[in-house]
Amino acid sequence: MQELKAKIRESLAAVLPVTAIVMLLCITITPMPTGTLMLFLMGAFLLIVGMGLFTLGADMAMMPIGEKVGIQLTKSKRMGIIALSCFIIGVIITIAEPDLTVLAAQTPGVPDMIIILSVAAGVGVFLVVAFFRNLFGWNLSRILLICYILVFVLAIFVPKNFIAVAFDSGGVTTGPITVPFIMALGIGLSAVGRNKSTGGDENFGLIALCSIGPILSVMILGLVYQADGGTYTAVSIPDIHSTRDLWMQFQDAFAGYAIEVATALLPILAFFFVFQIAFLRLRRKQILKILVGVLYTFAGLTLFLTGVNVGFMPAGSFLGSEMAGLSFNWILIPLGMVLGFFLVKAEPAVAVLNKQVEDISGGVISQKLMMTGLSIGMSISVGLAMIRVLTGISIFWFLVPGYAIALGLSFVVPKIFTSIAFDSGGVASGPMTATFLLPFAMGACEAVGGDILTDAFGVVAMVAMTPLIIIQLIGLAYKFKTTAQRKKPPVAEIADEEILDLSKED
């Protein structure tokens, strides 16, 4: 119970700043209908409780399952079975990812299931690549360079309506279901291969590679699939006239998201039990703890998704539309940056990543340092996205130089910072981005008369890009600092030199 209280306090500290900013906007420049505001406040409450339950459940269940499955896979000498298992795991957890269904519904002219299966296959293939990277000690920077060159070459030939969606798909697939499991799987897989003595970077990089797969698969889909036009699903703002109307909005959605989360977790649980019966043979007490953790994860993620979809999505759309309609709509840029700075703190998978980074790095890369870097990156991302919404500038003017800088830095910073940075890009673009920032951008874009599919979409891609640069810049500063410390003479030598100088003066 004490652990749950601590997790809820952490989630309260994460959600409260965003709530305060929205409240301030409501009483100043963007007055919000009472019903929409009440939806938002109720959604914030569900976020706080849900995020607390989810992070506790991830610690108790998702992380141990992923790690134990990863360790067991490394014990097999048959590479074909391991590769097939990694592919199946990648497909299962991607189909289970709630963020993906949000994006799939917006994809121009393509049935939801086609885009979901395409993205899932991309993740599965690159999870296999990630395993072989660990096994043979392949250089992550070189793999990323080759893959992103392929991405931008393909982008030349892909219909423009698919470009932003493709890059967005790389971000939304690494959400609250995927991240804890894949990160823990990476820890388990790091027990094998030639990559053991690289300072911990072998534990990271799986999310980075699994974020590339969806981008490539959606681009390939765009080349071979004849879309029947482009539409998007506008966010509807419900009319709330009473507290009963308010409750009914959440009640109607709760059952749907409970089924969605259960459908997401059951394949993972089934996969675990197959391993338990065939290989693991864990004690009853360990299994019971994992099952309790799964229940926490189920309850937390159901509350969280209900809160963000029912409460935050209408508020995001309304705020974006109202700000863009102002005579001084340039305010979208600084206010969007402030929202982005605090919004990333409420992403459930971010807390999981930050804790894992601190644990594996032995405290050298602290949770506070990671959160500061991600907040700055998110702030810059949203600012750039709002510039795109207001001006209609092509997303390539941001993505090409951004990824060029990120990939260039990957060859000069310590390897662990590159692995963490590219993982952070996928983690930062989670459900808060898909259900608050994307509607915020869509509402603003519609108000200024822009093209939703080319100007508003891409905000997830921007959010996924900037942490790649910010975290690696932190790594570069760390490298310079440690190099300077090595060159600095010991204190005793400095003291002797100072004494000698003083004696000469005397």
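Here, every reference points to the structure presented above.
Residues numbered from 1 in each chain as written. Predicted model: local features only at pLDDT ≥ 70, side-chain atom pairs only at ≥ 80, totals over all residues. Heavy atoms only, no water.

**Student:** Would you mind going over the pattern of salt bridges with me for this structure?
**Tutor:** Side chains carrying opposite charge are able to pair once their charged atoms draw close together. For the structure on display, the rule yields two salt bridges. Residue Asp59 pairs with Lys7 through a salt bridge whose shortest N-O separation is 2.8 Å. Remark: Lys7 occurs in helix α1 (residues 2–26) and Asp59 occurs in helix α2 (residues 34–75); sequence separation between them is 52 residues. In this structure Asp59 comes out as partly exposed when scored by relative accessible area, which is 30%. (Salt bridge = Lys/Arg side-chain N within 4 Å of Asp/Glu carboxyl O. Helix = DSSP H or I, 4+ residues; strand = E, 2+ residues; numbered from the N terminus. Buried < 20%, exposed > 50% of the residue type's maximum accessible area, 1.4 Å probe, protein only.)

**Student:** What is the right way to look at the side chain of Gln472 in this model?
**Tutor:** Position of Gln472 among the secondary structure elements: in helix α19 (residues 459–487). Among the polar contacts made by the side chain of Gln472, one reaches the main-chain amide nitrogen of Ser410 at a distance of 3.2 Å. Ignoring anything within four residues of it in the chain, the contact list for Gln472 reads Ala406, Leu409, Ser410, Val413, Phe417, Thr418, Ala421, Phe422 and Pro467. (Polar contact = N/O pair within 3.5 Å; in protein donor to acceptor, adjacent residues only side chain to side chain. Contact = heavy atoms within 4.5 Å.)

**Student:** How do you make sense of empty space enclosed by the protein when you look at a structure like this?
**Tutor:** To find leftover empty space, a probe the size of one water molecule is rolled over the atoms. This structure, assessed with the given rule, holds three cavities of 30 Å³ or more. Its boundaries defined by the atoms lining it, the largest cavity holds a volume of some 100 Å³. If you trace the largest cavity, you find 13 residues lining it, with Tyr148, Ser211, Tyr403, Gly426 and Ala464 closest to the centre. Among the elements of the structure, α7 (160–172), α9 (206–224), α16 (415–428) and α19 are those that each provide at least two residues to the lining of the largest cavity. When its residues are assigned to classes, the lining of the largest cavity shows eight nonpolar, five polar and no charged. There is about 40 Å³ of room inside the second largest cavity. Considering the residues around the second largest cavity, the lining is formed by Ile89, Ile92, Ile93, Phe181, Pro267, Ile268 and Phe271. (1 Å grid on protein atoms, 1.4 Å probe; cavity = no way out; pocket = protein on both sides within 12 Å on 5 of 7 lines; lining within 4 Å. Points joined across faces, edges and corners; volume = space filled by probe spheres on them. Nonpolar A, V, L, I, M, F, W, Y, C, P; charged D, E, K, R; others polar.)

**Student:** Can you walk me through the nonpolar core in this structure?
**Tutor:** Within the largest apolar cluster, 176 residues are counted, with the highest numbers of intra-cluster contacts made by Tyr148, Phe167 and Met219. For this core, the element with the highest residue contribution is α2, accounting for 19 residues. Excluding its chain neighbours within four sequence positions, the residues that come into contact with Met219 are Val151, Leu154, Ala155, Val158, Ile163, Ala166 and Phe167. (Core = buried A, V, L, I, M, F, W, Y, C linked by side-chain atoms within 4.5 Å.)

**Student:** Mind showing me how you'd approach a nonpolar patch on the surface here?
**Tutor:** Where nonpolar side chains cluster on the molecular surface, the patch consists of Leu145, Ile149, Val153, Ile156, Phe157, Ile220, Leu223, Val224, Phe411 and Val412 and spans about 940 Å² of accessible area. Looking at the nonpolar patch, the elements that each hand over two or more residues are α6 (140–155) and α9. Residue position: Ile220 is located in helix α9. (Patch = residues over 30% accessible without salt bridge, like charges linked within 9 Å, V, L, I, M, F, W, Y side chains within 5 Å. Areas by Shrake-Rupley, 256 points an atom, 1.4 Å probe, with all protein chains shown as cover.)

**Student:** Please explain the environment of Lys160 as it appears in this structure.
**Tutor:** Mapping Lys160 onto the fold places it in helix α7. The exposure class assigned to Lys160 is exposed, which follows from its relative accessible area of 63%.

**Student:** What exactly am I supposed to notice about the packing of aromatic side chains here?
**Tutor:** Centre-to-centre distance and the angle between the planes together describe a pair of aromatic rings. Scanning the entire structure with this criterion turns up 16 aromatic pairs. Between Phe341 and Phe342 the ring centres are 5.1 Å apart and the planes differ by 80 degrees, which places this aromatic pair in the edge-to-face class. Pairwise contacts between aromatic rings join Tyr148, Phe152, Phe167, Tyr403 and Phe422 into one cluster. (Phe/Tyr/Trp six-rings, centres within 6.5 Å; stacked < 30°, edge-to-face > 60°.)

**Student:** I would appreciate a short explanation of the environment of Ala253 in the present structure.
**Tutor:** With respect to the secondary-structure elements, Ala253 resides in helix α10 (residues 243–280). For Ala253, a relative accessible area of 16% puts it in the buried group. The spatial distance from the C-alpha of Ala253 to the C-alpha of Asn309 is 8.7 Å, given a sequence separation of 56 residues. Discounting residues that sit within four places of it in the chain, Ala253 has contacts with Thr306 and Val310.

**Student:** Sorry if this is basic, but what is going on with the layout of surface pockets here?
**Tutor:** Of the voids in this model, the second largest pocket is the one considered here, and its volume is about 300 Å³. If you trace the second largest pocket, you find 15 residues lining it, with Glu10, Met51, Ala351, Gln367 and Met371 closest to the centre. Breaking the lining of the second largest pocket down by element, the ones donating at least two residues are α1, α2, α13 (348–360) and α14 (367–391). Of all the elements, α1 adds the most residues to the lining of the second largest pocket, at five residues. Across the lining of the second largest pocket, the residue classes break down as six nonpolar, four polar and five charged.

**Student:** What should I look at first to understand helix α11 (residues 284–324) in this one?
**Tutor:** Quick reminder: α-helices carry 3.6 residues per turn. Residues three or four places apart thus point the same way. Between its terminal C-alpha atoms α11 stretches 57 Å, which fits the 60 Å expected from 41 residues at 1.5 Å a residue. Considering bend angle alone, the principal kink of α11 is centred on Phe312 and spans about 40 degrees; proline Pro314 follows within four residues of it. (Expected span 1.5 Å × (residues − 1). Bend = angle between axes of the 7 residues up to and from the residue.)

**Student:** Explain the side chain of Thr36 here, please?
**Tutor:** Here Thr36 is to be found in helix α2. Of the residues examined, Thr36 reaches a relative accessible area of 1% and is grouped as buried. Discounting residues that sit within four places of it in the chain, Thr36 has contacts with Ile237, Pro314 and Ala315.

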